[in-house]
Amino acid sequence: MRHNQLLALMATGALLAATAACGANSSTDANANTLTWASTGGQFQEDEKKALQEPFTAKTGTKFVNVSPADAAQVKAMVASGNTSWDLANMSWIYAGAYCGELYEKLDDPKLDRSKFPPGTTHDCFVPTYRYANVFSYNADMFKGEAPSKIADFFDVERFPGKRIVHDYPKSGLLEAALVADGVAPDKVYPLDLERALRKLDTIKSSLVFAPSYGAIQQMMVDKQGSMVLTVTARSIVTAQSGANLKAVWDFTTVDIGALVIPKGTANKALAQQALAFTTEPAQATAYAKLTGTAPARTDVDITSIGYSDVQKNFNAFLPDRGTLLEQDKPWWIENTDMVTKRWTSWKVS
């Protein structure tokens, strides 16, 4: 099934992306022992270099060319031009799921053993490289007496006043949180009742602040513009490190995966899959988790053995006794992102 909203998103800037792609060196022209890795830039790409790329270089001699950002529009343009210059890309698995085999390569290396990952986290075109959560936290400076202790408190503006900072993105965990706060059992959240979730969000709509980026979320919380926040593991950690007195609430939490995907048409698919399999091995998964505060994707890595810092532990949903965790349903989101995005956009302005 084609998703119009995803196509529209990927078409934005696609002409410029096509120009860039045509001007870049293709994988065919590159050294056969070099991989081009597209990612988010900043500290996370530096962490990828240190924990994932450098060990693979030491083992195999493979070199990496790093570019950013990993934009789905550029993947579409490269594939359309027949000049795929990226070998690996760190981007949302939704794109790989929606355009598997068309814009992204199917993964067939036997070392990518899908039994090593949690149920519901793999696909023909992706396996997880790490796991993270959409963490509900509050600013402890703003609640000197009674403090939030369950997901329903996010929706109780009378007992717990203040703005709620959320990412302006429907897959941020807010919809699932709304349903559970409205009485839906966590194991009954999917298929997601979107209209019920939005009705629950209507009850606190005037207290919601839709941040355009994770950086904006961080700054708002540091500046005490919000009393509560729902954001990803790594950004929760950085926000706390930046001075916000955040306390996580471990009642109900949605969890998700990060994924490296392989754009369609790379001349280095076999080597890219070897690198991808290598990144998920216990040593590399552990090293990356320790740097970022995220969790290893593989089930055979003991998370309690990772030397997390205290602040990383405070926001890691995968440590013991962290309440109910719900994996965001990959097939449901791949199938319904178009519909949810359209409805989300119209709801915000209604």
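Structure shown above.
Residues numbered from 1 in each chain as written. Predicted model: local features only at pLDDT ≥ 70, side-chain atom pairs only at ≥ 80, totals over all residues. Heavy atoms only, no water.

## Overview of the overall build of the protein chain
Which entries qualify depends on this criterion: Helix and strand assignments come from DSSP, with helices taken as H or I runs of at least 4 residues and strands as E runs of at least 2, each series counted from the N terminus. It is over C-alpha atoms that the radius of gyration is taken, and the globule rule equals 2.2 Å times the number of residues to the power 0.38. For each residue, the accessible area found with a 1.4 Å probe, counting protein chains only, is set against the maximum for its type, and the residue is called buried under 20%, exposed over 50%, and partly exposed in between. In what follows, residue pairs with any heavy atoms lying within 4.5 Å of each other are defined as contacts. The protein chains shown are the only cover counted for residues, whose accessible areas, like all others here, come from Shrake-Rupley with a 1.4 Å probe. For the charge count, each Lys or Arg is scored as positive and each Asp or Glu as negative, with His and the chain ends excluded. The atoms used to mark charge sites are NZ of Lys, CZ of Arg, CG of Asp and CD of Glu.
Counting its secondary structure elements, the protein chain contains 13 helices and 10 strands. On C-alpha atoms alone, the protein chain measures out to a radius of gyration of 20 Å, which is about the 20 Å that the 2.2 N^0.38 rule sets for 350 residues. Expressed along its principal axes, the backbone C-alpha trace of the protein chain runs to roughly 60 × 45 × 35 Å. In the protein chain, which comprises 350 residues, the proportion classed as buried is 55%. Looking at the protein chain alone, contacts between residues at least 24 apart form 73% of all its contacts between residues at least 6 apart. Here the protein chain has roughly 14,500 Å² of accessible surface; of this, 51% comes from carbon and sulfur atoms. One finds the centroid of the 35 positive side-chain charges in the protein chain at a distance of 1 Å from the centroid of its 37 negative side-chain charges.

## Quick word on the state of the cysteines
Note the threshold: Note on terminology: pairs of cysteine sulfur atoms within 2.5 Å are recorded as disulfides.
Applying the stated rule across the entire model yields 1 disulfide. Covalently, Cys100 is tied to Cys125 through a disulfide, its sulfur atoms 2.1 Å apart. In this structure, the disulfide formed by Cys100 and Cys125 twists by about 85° around the S-S bond and is classed as right-handed. On the criterion of sequence distance, the pair formed by Cys100 in the loop between α5 (93-98) and β4 (128-139) and Cys125 in the loop between α5 and β4 is long-range, its members being 25 residues apart.

## Section: the side chain of Asp153
Note the threshold: A 3.5 Å cut-off defines polar contacts: any pair of N or O atoms within that distance qualifies, except that in protein one atom must be a possible hydrogen donor and the other a possible acceptor, and neighbouring residues in sequence count only when both atoms are side-chain atoms.
Tracing the backbone shows Asp153 in the loop between β4 and β5 (164-167). Within polar-contact distance, the side chain of Asp153 engages the backbone nitrogen of Ser149 at 2.7 Å. Beyond its immediate stretch of four places on either side in the chain, Asp153 contacts Pro148, Arg159, Phe160, Arg164 and Met228.

## A few points about the packing of aromatic side chains
Between two aromatic rings, the relevant description is the distance of the centres plus the angle of the planes. The line we're drawing: To pair, rings of Phe, Tyr and Trp, with the six-membered ring standing in for Trp, must have centres within 6.5 Å; the planes then decide the type, stacked if under 30 degrees apart, edge-to-face if over 60, and tilted in the middle.
Enumeration according to the criterion identifies 15 aromatic pairs in this entry. Both rings, one in Phe56 and one in Phe278, keep their centres 5.2 Å apart while their planes meet at 55°; by these two values the pair is tilted. Pair noted here: Phe56 is in helix α3 (residues 42-60) and Phe278 is in helix α10 (residues 269-279), with a separation of 222 residues, a long-range link. The exposure classification of Phe56 matches that of Phe278, with both residues buried. Centroid distance Phe143 to Phe160: 5.8 Å. Interplanar angle 70°. Geometry classified as edge-to-face. Taken as a pair, Phe143 in the loop between β4 and β5 and Phe160 in the loop between β4 and β5 lie far apart in primary sequence, 17 residues in all.

## Notes on empty space enclosed by the protein
The condition is simple: Every definition here rests on a 1 Å grid over the protein atoms only: cavities are sets of points where a 1.4 Å probe fits but cannot get out, pockets are open sets enclosed by protein on both sides within 12 Å along at least five of seven lines, and lining residues have some atom within 4 Å of a point. Grid points are joined across faces, edges and corners, and a volume is the space filled by probe spheres set on the points.
As enumerated under the stated definition, the model contains 3 cavities of 30 Å³ or more in all. Of the voids in this model, the largest cavity is the one considered here, and its volume is about 60 Å³. Lining the largest cavity are Trp37, Glu48, Leu52, Asn90, Thr129, Tyr130, Leu260, Thr279 and Tyr288. Of all the elements in the fold, those that place two or more residues in the lining of the largest cavity are α3 and β4.

## Comments concerning the pattern of salt bridges
Test applied: Salt-bridge detection follows one rule: a side-chain nitrogen of Lys or Arg within 4 Å of a carboxyl oxygen of Asp or Glu.
The full count for this structure, using the stated rule, is 18 salt bridges. Here Arg131 ties to Glu327 by a salt bridge, and the two come within 2.7 Å at their closest N and O atoms. Residue Arg131 is located in strand β4, and its partner Glu327 is located in strand β10 (residues 324-327); the two are separated by 196 residues in the primary sequence. When its relative accessible area of 15% is taken as the criterion, Arg131 is described as buried. Judged by relative accessible area, which is 17%, Glu327 ranks as buried. Residue Asp156 is joined to Arg159 by a salt bridge in which the shortest nitrogen-to-oxygen separation is 3.6 Å. Here Arg159 falls in the partly exposed class, since its relative accessible area comes to 41%. Among the ionic contacts, a cluster of salt bridges with common partners joins Arg131, Lys171, Asp256, Glu327 and Lys330.

## So, α10
Of all 11 residues making up α10, 9 are buried, and the element is well covered by its neighbours. In the core, the buried residues of α10 are packed alongside β1 (34-38), α3, β3 (88-90), β4, β9 (252-261) and α11 (282-292).

## Details of the side chain of Ser236
Within the secondary structure, Ser236 sits in helix α9 (residues 233-241). With residues up to four places along the chain from it excluded, the contact list for Ser236 reads Val135, Thr231, Leu246 and Phe315.

## Some points on unusual backbone geometry
Of note, the bond from Ser68 into Pro69 is cis; its omega dihedral lies within 30 degrees of zero at -5°. Secondary-structure assignment places Pro69 in the loop between β2 (63-67) and α4 (72-81). Residue Pro191 is reached from Tyr190 by a cis peptide bond, and omega for that bond is 0°. Phi is positive for Lys224, close to 60°, though the residue is something other than glycine. Residue position: Lys224 is located in the loop between α8 (214-222) and β7 (228-232).

## A few points about the packing of α3 against α11
Put simply, the rule is: Throughout, an axis means a line fitted to C-alpha atoms (over the contacting stretch in the case of helices), and angles, computed between N-to-C directions, take values from 0 to 180 degrees. For this classification, under 35 degrees means roughly parallel, over 145 means roughly antiparallel, 65 to 115 means roughly perpendicular, and everything else is oblique. Take the far helix as your reference; a near helix turned counterclockwise from it by less than a right angle gives a left-handed crossing, and one turned clockwise gives a right-handed crossing. When residues are sorted by character, Ala, Val, Leu, Ile, Met, Phe, Trp, Tyr, Cys and Pro go into the nonpolar class, Asp, Glu, Lys and Arg into the charged class, and all the rest, Gly among them, into the polar class.
The contact between α3 and α11 brings their axes to 9 Å, and the two run at 160°. With respect to α11, the element α3 is oriented roughly antiparallel. For α3 against α11, the interelement crossing comes out right-handed. Contacts between α3 and α11 involve Phe44, Asp47, Glu48, Lys50, Ala51, Leu52 and Pro55 on the former and, on the latter, Gln284, Ala287, Tyr288, Leu291 and Thr292. Residues that form the contact of α3 with α11 fall into these classes: 7 nonpolar, 2 polar and 3 charged.

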